[in-house]
Amino acid sequence: MTQPHENDTSTSGDATPDAPRDLGRHVHPLPSSGREAGPIRGLLAGMRTTARTMTKKTSVQQYPDVKPDLPPRSRGVIALLEENCTACMLCARECPDWCLYIDSHKETVPSETPGGRDRQRNVVDRFAIDFSLCMYCGICIEVCPFDALFWSPEFEYATNDIRDLLQEKDELGAWMRTVPAPPDLDDGAPEAAEVAAASKPARVQRRRPTQ
Ligand code: SF4
Ligand code: SF4
């Protein structure tokens, strides 16, 4: 036998299975003092919090009036040093989002020495990054074997047109002036291989003895 609910005000004699149920009978109205004091109590709590924090140092930055002081290696945008790019396609192959577009053609570079072989080199026709797809993972920069890609901390290139986030090589190249200089080497560290190679004396061409 089921016990009547403690909030059920109906008597057992009146209750019938088909009688409409009073759906509001479990709702307890707030005490009148609580209803009136609620907004005032909330207002006082807000004022108390304001008074408590108004003398503390604020951590809010007033951007865009005050530019944020970002770490130099922040991932803002990717810059391209076009003269270093050999169009090897390594970055485009490794990009997980497939948002790198590279076109190139081959060019013949004539030999500088008589009898030497002409060389072939790739010339970049198009290098573009679609920043609406890019997830700023940095894989393209890590894998580039020729130091052609760099992080710049610049981030102010938001736009209302998503198509403007597809940046071509001229735009990517313009970011290079915002790339910070690399940090100094540690004391006692070996000289960078590029510097050592550049400071070597030029090789003298040996002449074959005439017979
Ligand atoms: S940062 Fe990552 S997602 Fe963006 S272009 Fe480079 S590899 Fe692709
Ligand atoms: S940016 Fe680097 S990895 Fe990408 S195509 Fe150019 S040289 Fe190759």
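Residues numbered from 1 in each chain as written. Chains lettered and ligands numbered in written order. Predicted model: local features only at pLDDT ≥ 70, side-chain atom pairs only at ≥ 80, totals over all residues.

**Some words on the UniProt feature "binding site: [4Fe-4S] cluster 1" (unreviewed entry) in the protein**
- In this numbering, the UniProt entry assigns the feature "binding site: [4Fe-4S] cluster 1" (unreviewed entry) to C85, C88, C91 and C144. A maximum C-alpha distance of 10.5 Å places the annotated residues, which cover 60 residues in sequence, within one compact spot.
- Mapped onto the fold, C88 is located in the loop between β1 (77–80) and α2 (90–94).
- The residue C144 is located in the loop between α3 (139–143) and β4 (149–152) in this model.
- With sequence-adjacent residues up to four places away left out, C144 is seen in contact with L90, C91 and L149. (UniProt positions renumbered as here; feature names shortened; annotations may be inferred. Helix = DSSP H or I, 4+ residues; strand = E, 2+ residues; numbered from the N terminus. Contact = placed C-beta atoms within 7 Å.)

**Some remarks on the nonpolar core**
- In terms of nonpolar packing, the biggest core is built from 19 residues, with I78, A79, L80, L149 and L172 touching the most fellow members.
- Among the secondary structure elements, those contributing two or more residues to this core are β1, β2 (100–109), β3 (119–130) and β4.
- Among the elements that take part in this core, β1 stands out by supplying four residues, more than any other.
- Leave out the neighbours within four places in its chain, and A79 touches F150, S152, L172, W175, M176 and V179. (Core = buried A, V, L, I, M, F, W, Y, C linked by C-beta atoms within 7 Å. Buried ≥ 20, exposed ≤ 12 C-beta atoms within 10 Å, placed from the backbone.)

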